[in-house]
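# Commentary on secondary and tertiary structure
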Amino acid sequence: MENSKTTYIAIKTDEAGQFDQESLAAIARAGRVIKDGGLCAFPTETVYGLGGNAFLADASEKIYAAKGRPSDNPLIVHIADPADLEKVAREIPPCAYALAEAFWPGPLTLVLKKKAEVPKETTGGLETVAVRLPSHPVALALIRAAGGFVAAPSANASGRPSPTLAAHVAEDLTGRIDMILDGGPVGIGIESTIVDVTTSPPEILRPGFVTKEMLQGVLGQVKEDETLFAPQADLAPRAPGMKYRHYAPKGQLIIVEGKKEAVSSYINRRTQAHALKGEKTGVIATEQTADLYFADVIKTIGDGQRLETVAAGLYGILRAFDAEDVEKIYAESFAREGIGSAVMNRLLKAAGYQVIQAD
Ligand code: TXA
Ligand code: MG
């Protein structure tokens, strides 16, 4: 089900921060494409999304096919107006309104009971629906142009890191979707926090930029899915997508924990051993530690003291290691606090939970 042609358009704003005429026309055209059942990738503040009409079962099926994604993995419905929440969800508890008030527009997704109008194809067969109101101006303009309800997973081929640039989308999906809107690099770089508000207390199904501490500030109590940092033998993750080995680089990724010196000397011993066997090695380091390593490819993910920069660098770095065919990749570990929880959740998944303690 390949489309022959994917139209790629860069969206620009003028000095006043308004879309220029061509960009407005492109967004209107993309809106029509989605309304009519086609697919268009677009930037959000978290990662690029692949949008289709949330009310059309066919559009959701096309999304699964374009990504090569299993169809039991539900999509997030993106809205542009908080009042539209009531058009896709029912029995909305007060805490959902409190979270929407606090964090929308922004990188938070709420799981609620779905309305009958939302097709099962969009929710991967579930009776619940995930809803998000993003803050990116291109996303908001496109959602409005498309009629208000856009189902959008991350715009990567299934199993690849989420796209933080339009070029990543083009790499994975050219020829498989109708349009790509290029709005430049995304800001956050890691997907939205998902909170299930059908349970009491609400539960974090996927950590993101909106942290547990921030959620506690609004909700008081919040649970965390027990599988976020380690797979559980008898427990499946509650967000169906979290059970798949997403973000897996082609090379073997190994996370090393411990004191700075112990970590670097362990990694350097390993990269030397691999080099003797002719294996290409890589290290994911920070601005503070990059100088400590010996390897074929050493990449700086961000400033280790500012984990939001690490979040923003993560997916681009995993793609870059793939492009350079690195076989053994060693990564430092990060504190599971604030946005660090989201970073470690993604990094651990990418590593298939391989963690080594250096001492
Ligand atoms: O930041 C984001 O959320 C990005 C941008 C494009 O908005 N979207 C995104 O979508 O990350 P996706 O499809 O790559 O991830 C959605 C996750 C999956 O793990 C899926 O299983 C989970 O949300 N999910 C969706 N609907 C759900 C539901 N009703 N119940 C539980 N989990 C759900
Ligand atoms: Mg995804």
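Structure: see above.
Residues numbered from 1 in each chain as written. Chains lettered and ligands numbered in written order. Predicted model: local features only at pLDDT ≥ 70, side-chain atom pairs only at ≥ 80, totals over all residues. Heavy atoms only, no water.

This brings us to the pairing of strand S16 (residues 328-332). In terms of burial, S16 is a largely internal element, 5 of the 5 residues being buried. Burial along S16 is two-sided: Lys328, Tyr330 and Glu332 facing one way and Ile329 and Ala331 facing the other are all buried. Where strand S13 (residues 252-257) lies against S16, 5 bridges are found, and the strand directions are parallel. When the bridges of S16 are listed, Ile254 appears paired with Tyr330. (Buried < 20%, exposed > 50% of the residue type's maximum accessible area, 1.4 Å probe, protein only. Helix = DSSP H or I, 4+ residues; strand = E, 2+ residues; numbered from the N terminus. Pairing = 2+ DSSP bridges.)

Taken together, 29 residues surround ligand 1, and among them Thr46, Asn73, His78, Ser192 and Gly241 come closest. Residue Thr46 places a side-chain N or O atom 2.7 Å away from an oxygen atom belonging to ligand 1. With the chains in place, 98% of the 690 Å² that ligand 1 exposes on its own is no longer accessible. Of the residues in the shell around ligand 1, the class split is 16 nonpolar, 8 polar and 5 charged. (Near = heavy atom within 4 Å. Polar contact = N/O pair within 3.5 Å; in protein donor to acceptor, adjacent residues only side chain to side chain. Areas by Shrake-Rupley, 256 points an atom, 1.4 Å probe, with all protein chains shown as cover. Nonpolar A, V, L, I, M, F, W, Y, C, P; charged D, E, K, R; others polar.)

The subject of this paragraph is the packing of aromatic side chains. Across all of its chains, the model carries 1 aromatic pair by this definition. Judged by centre distance (4.9 Å) and plane angle (50°), the ring pair of Phe55 and Phe149 falls under tilted. Linking Phe55 in the loop between strand S3 (49-53) and helix H2 (57-67) with Phe149 in the loop between helix H5 (137-145) and strand S8 (150-151), this pair joins segments that are 94 residues apart in sequence. Owing to a relative accessible area of 8%, Phe149 belongs among the buried residues under this scheme. For Lys299, the ring lying beneath its charged end belongs to Phe321, and the centroid distance is 5.8 Å. (Phe/Tyr/Trp six-rings, centres within 6.5 Å; stacked < 30°, edge-to-face > 60°. Lys NZ or Arg CZ within 6 Å of the ring centre and 35° of its normal.)

This part takes up the side chain of Arg69. In this fold, Arg69 is placed in the loop between H2 and strand S4 (76-78). Asp72 provides the closest opposite charge to the buried, unpaired Arg69, separated from it by 7.2 Å. A polar contact of 3.0 Å, which involves the side chain of Arg69, links it to the backbone oxygen of Pro74. Residues contacting Arg69, with those up to four places away along its chain left out, are Tyr64, Pro74, Leu75, Pro153 and Ser158. (Lys, Arg positive; Asp, Glu negative; His and termini not counted. Salt bridge = Lys/Arg side-chain N within 4 Å of Asp/Glu carboxyl O. Contact = heavy atoms within 4.5 Å.)

The next thing to look at is the environment of Thr199. Looking at where Thr199 falls in the secondary structure, it is placed in the loop between strand S10 (193-196) and strand S11 (203-206). Sequence-wise, Thr199 and Arg32 are 167 residues apart; in three dimensions their C-alpha atoms are separated by 37 Å. From its side chain, Thr199 meets the backbone oxygen of Pro201 in a polar contact 3.1 Å long.

Position of Thr44 among the secondary structure elements: in the loop between strand S2 (40-42) and S3. Accessibility expressed as a relative area gives 2% for Thr44, which makes it buried. Within the local environment of Thr44, its side chain forms a polar contact with the side chain of Arg132, the two groups lying 3.0 Å apart.

Moving on, we come to the pattern of salt bridges. Evaluated as defined, the whole model comprises 18 salt bridges. Note that Glu45 is salt-bridged to Arg132, the shortest N-O span being 2.8 Å. With Glu45 in the loop between S2 and S3 and Arg132 in strand S7 (residues 128-132), the pair connects residues that are 87 residues apart, well separated along the chain. Take Glu45: its relative accessible area is 8%, and that puts it in the buried class. A residue is classified by how much of its surface remains accessible, and Arg132, at 2% relative accessible area, is buried. A salt bridge links Asp196 to Arg238; its shortest N-O distance comes to 2.6 Å.

An order of S15-S14-S16-S13-S17 is seen for the 5 strands of this open sheet, with the pairing classed as parallel. Looking at which strands have only one partner, the edges of the open sheet turn out to be strand S15 (297-300) and strand S17 (355-357). Neighbour-to-neighbour, the strand axes of the sheet open up by a mean angle of 25°, direction not taken into account. Direction of pairing for S13 relative to S17: parallel, over a ladder of 3 bridges. (Axes fitted to C-alpha atoms, helices over the stretch in contact; angles between N-to-C directions.)

Peptide bonds are mostly trans, and most non-glycine residues show a negative phi. With omega at -5°, the peptide bond leading from Trp104 into Pro105 counts as cis. Along the chain, the position of Pro105 falls in the loop between helix H4 (94-103) and strand S6 (108-114). Looking along the chain, the bond that leaves Ser200 and enters Pro201 is cis, with omega of -5°. The topology assignment puts Pro201 in the loop between S10 and S11. Here Glu91, not a glycine, exhibits a phi torsion of approximately 50°, which is positive. The topology assignment puts Glu91 in the loop between strand S5 (89-90) and H4. Of note, the phi angle at Asp325 is positive, near 55°, even though the residue is not glycine. With respect to the secondary-structure elements, Asp325 resides in the loop between helix H9 (307-323) and S16.

Read these as geometric descriptors, not functional statements.
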